[in-house]
Amino acid sequence: MDGDEQEARIAALFREAASGAPPPGFDAAQVAATSRRITRRRRSAVAGAALAVLAVVGVGAVAGLGGPGEATVTVASGQAAGQAADQNENSAGGAGDAARAAAPEAAAAPDAGGAPLAAPGVAPAPGSAAAAVPPIGTPLGPGPTDRCADRQDPALRALVEQVLPEVATATEGPVTLDCSVAGDRGVSLEVHDGTSTGVLVVRYFPAGADTGTEGQRAPTASGGTVVAYSWASRAGAPAPFADRIGDVVAYLAPRL
Amino acid sequence: MAGPVRPAEVAEAGPDLVGQEFDAYFRARRDAVRRTAYLLCGDWHRADDHAQSAFVALHRHWRRIRDRDALDAWMRRTLVRAVVDESRRPWRRERSTDVTPETASEGPAEGVATRHVLVDGLRAVPPRQRAVLVLRFLEGLDVAATAEVLGCSAGTVKSQTAHGLSALRTALGDALDDLRPAG
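This is a predicted model, so every value here is computed, not measured. Per chain, the residues get numbers from 1 upward, laid out in the order the sequence is written. Key to labels: chains lettered from A, ligands numbered from 1, both in the order written. pLDDT decides what is reported in this predicted model: residues at 70 or higher carry local features, side-chain atom pairs at 80 or more are listed and counted, and totals for whole chains, interfaces and linings draw on all residues regardless. Each side-chain value is worked out from all heavy atoms of the structure, with water and hydrogens disregarded.

Quick word on the nonpolar core
Step number 1: For this analysis, a nonpolar core means a set of buried residues of the types Ala, Val, Leu, Ile, Met, Phe, Trp, Tyr and Cys, connected via side-chain atoms within 4.5 Å. Only protein chains enter the accessibility calculation, which uses a 1.4 Å probe; a residue is then buried when its area is under 20% of its type maximum, exposed when over 50%, and partly exposed in between. Core analysis: the biggest nonpolar cluster contains 60 residues, and F14 of chain A together with L39, F55, L58, M75, L133 and L168 of chain B have the highest contact counts within it.
Step number 2: Ranked by residue count, the leading element in this core is helix α2 (residues 15-41) of chain B, at nine residues.
Step number 3: Contact definition: two residues touch when any of their heavy atoms are within 4.5 Å. Those residues in contact with L58 of chain B, other than ones at most four positions away along the chain, are F22, Y25, I65, L71, W74 and M75 of chain B.
Step number 4: Of all hydrophobic cores here, the second largest spans 26 residues; its members include A170, Y204, V226 and V249 of chain A. Here a strand is any run of E in DSSP of at least two residues, a helix any run of H or I of at least four, and the numbering for each starts at the N terminus.

Right, dumping it as structure tokens:
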């Protein structure tokens, strides 16, 4: 049996093995409906995040004009932001996408309660470039537990983009439709890092929900775990952003 | 009969035309995508999950994919990445095994037995090598097209084909005569 003949026989075996499919579990209408639902959700998330950013910027501007009373005004604005975040989390339905998307930005406002959580490597001095890094506030914490987790969580993605702005325009990577109601969050992005391309995956697991996903990990402020890893789409190529995964995890840990 | 719709026409078209074009592609390719997903992951339920995810992603990006001739390659790439990515997760992580479950002798018919033996054997092949085998022998892609889907070199495809077949033969032993090396 020569090589071509054997390849043909192997191909026949593969076709035989893939035969006998059960009836499909989805149709075009379901696909289109799911696609539209995801698109609506993302639009809501973007709109909510934009509103939250405007609110934070507005409050910051007022605080900046405060002059000698700056400290007092900052605390007051922090309370307002905190209340806004609370209202978002407690809004009708309790788990609106817009509210969830607003969470990281709202959380980025100065914490009304007092000392901010420790942030490794984040100590922005006024006027410095690092001052653009949002301060740490209330950690984002678990996602919804009353419905399937969002495998492309807009709130988590907003945080990832803060520490890794290069992925702001990244296309969403393929994800499974497995339903998890444990409150976990995830982001999977098709990324380019110089000549290296691949997928960047960031996962957040609430306390007790971490199943040991491989990757760099750290405990988070809310008691959960953040895990991040990347892999190259080409065998043998370096994984994109491999040297910055640690920074991503360190940045996210106090914010989740 | 109308010819194929050009991308420029689709870009200017309303949602109805986009929907019709997607529906036509979906009808034409659903079964093939499901079969590919099945051999990649070895389970029809998960295969449906992966296939549906890939079609949802395609639907979302439909207007942005300008090269309609590249749709199949886009779907294959999406599907393979999803399955390989999933295989990295611990709760789904696959473990290679030298022992193939003895389903072949229990099959009621030769076709069913072949199906079980090969699918079980494929599970013992590392995910990337398995993807190469599925693309080459089920989808019928040549080395260059497989390399394009996987984003690797032709040499890598050749070596992974050889390693994958070797792993498959090791897993199956003498269960399938057609997998014995040529010569």
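Text resumes after the structure shown.
Looking at the sheet that holds strand β1 (residues 171-172) of chain A
Step number 1: Here we have five strands laid out as an open sheet, ordered β1-β2-β3-β5-β4 (chain A), and antiparallel in their pairing. Strands at the two margins of the open sheet, each flanked by one partner only, are β1 and β4 (216-219) of chain A.
Step number 2: Simply put, an axis is a line fit to the C-alpha atoms, just over the touching stretch for a helix, and the angle between two N-to-C directions goes from 0 to 180 degrees. Relative to strand β2 (residues 185-193) of chain A, helix α5 (residues 154-163) of chain A is tilted by about 40°, and along the sheet it contacts β1, β2 and β3 (196-205) of chain A.
Step number 3: Lying over the sheet, helix α4 (residues 71-87) of chain B contacts β2, β3 and β5 (225-232) of chain A, oriented at roughly 135° with respect to β5 of chain A. Only strands joined by at least two bridges in the DSSP assignment are considered to pair.

Quick word on the pattern of salt bridges
Step number 1: Salt bridge criterion: a side-chain nitrogen from Lys or Arg within 4 Å of a carboxyl oxygen from Asp or Glu. Summed over the entire model, instances satisfying the criterion amount to 13 salt bridges over all chains.
Step number 2: Between R60 of chain B and E172 of chain A there is a salt bridge whose closest N-O contact spans 2.8 Å. A residue pair is termed interchain when its members come from two chains, as with R60 of chain B in helix α3 (residues 44-61) and E172 of chain A in strand β1.
Step number 3: What makes R60 of chain B partly exposed here is its relative accessible area of 21%.
Step number 4: Ionic pairing is found between R76 of chain B and E139 of chain B, a salt bridge with its closest N-O pair at 2.9 Å.

Side note on α3 of chain B
Residue and element names in this part refer to chain B.
Step number 1: Given the number of residues in a helix, its expected span is that number minus one, multiplied by 1.5 Å. Between the first and last C-alpha of α3 there are 25 Å, a value that for 18 residues agrees with the 26 Å anticipated at 1.5 Å per step.
Step number 2: Most of α3 sits out of view: 15 of its 18 residues are buried.
Step number 3: The backbone nitrogen of H45 lies 2.9 Å from a side-chain oxygen of the residue at the head of α3, namely D43. N or O atoms within 3.5 Å of each other form a polar contact, as long as, within protein, one can give a hydrogen and the other can take it, and as long as residues adjacent in sequence are counted only when both atoms are side-chain atoms.

A closer look at the confidence of the model for chain B
All names here are of chain B.
Step number 1: Scored by pLDDT, chain B has a mean of 78; 71% of the residues are at 70 or more.
Step number 2: By mean pLDDT, helix α1 (residues 7-12) is the weakest element of chain B at 43, and helix α6 (residues 127-138) is the strongest at 94.
Step number 3: Summary of the metric used: pLDDT quantifies the predictor's per-residue confidence within the range 0 to 100. Taken together, the stretch residues 93-108 has pLDDT below 50 and engages in 19 contacts with residues farther than four places along the chain or on a different chain.
Step number 4: For this predicted complex, the interface confidence comes out at an ipTM of 0.78, alongside a pTM of 0.53.

Description of the side chain of R157 of chain A
Step number 1: Here R157 of chain A lies in helix α5.
Step number 2: Of note is the side chain of R157 of chain A, whose polar atom sits 2.6 Å from the side chain of E161 of chain A.

What to know about the environment of S180 of chain A
All names here are of chain A.
Step number 1: Note on placement: S180 falls in the loop between β1 and β2.
Step number 2: With 30 residues separating them in the primary sequence, S180 and D150 have C-alpha atoms 8.7 Å apart.
Step number 3: When sequence neighbours within four positions are dropped, the list of residues in contact with S180 reads R147, C148, A149 and R151.

Brief notes about the packing of aromatic side chains
Step number 1: Note on aromatic pairs: the rings of Phe, Tyr and Trp (six-membered ring only in Trp) are paired at centre separations within 6.5 Å, and the planes decide the class, stacked below 30 degrees, edge-to-face beyond 60, tilted for the rest. In total, this model carries nine aromatic pairs over all chains according to the counting rule given.
Step number 2: Summarising the aromatic geometry, the rings of F14 of chain A and F137 of chain B are spaced 5.6 Å apart at their centres and angled 50° between planes, so their arrangement reads as tilted. Here F14 of chain A, found in helix α1 (residues 3-17), pairs with F137 of chain B, found in helix α6, and the two come from separate chains. Each member of the pair F14 of chain A and F137 of chain B is classed as buried.
Step number 3: Geometrically, the ring pair formed by Y25 of chain B and W62 of chain B is tilted, given 6.1 Å between the ring centres and 50° between the ring planes. Note that Y25 of chain B is positioned in helix α2 and W62 of chain B in the loop between α3 and α4, a separation of 37 residues in sequence.
Step number 4: For W62 of chain B, a relative accessible area of 2% corresponds to the buried category.
Step number 5: Cluster of aromatic residues (ring-pair linked, three or more members): F26 of chain A together with F22, Y25, F26, F55 and W62 of chain B.
Step number 6: Remark: a charge is flagged as sitting over a ring if the NZ atom of Lys or the CZ atom of Arg is within 6 Å of the ring centre and within 35 degrees of the ring normal. Taking the ring centre of Y251 of chain A as reference, the NZ or CZ of R255 of chain A above it sits at 3.6 Å.
Step number 7: Directly above the ring of F137 of chain B sits R136 of chain B, whose terminal nitrogen or CZ lies 5.9 Å from the centroid.

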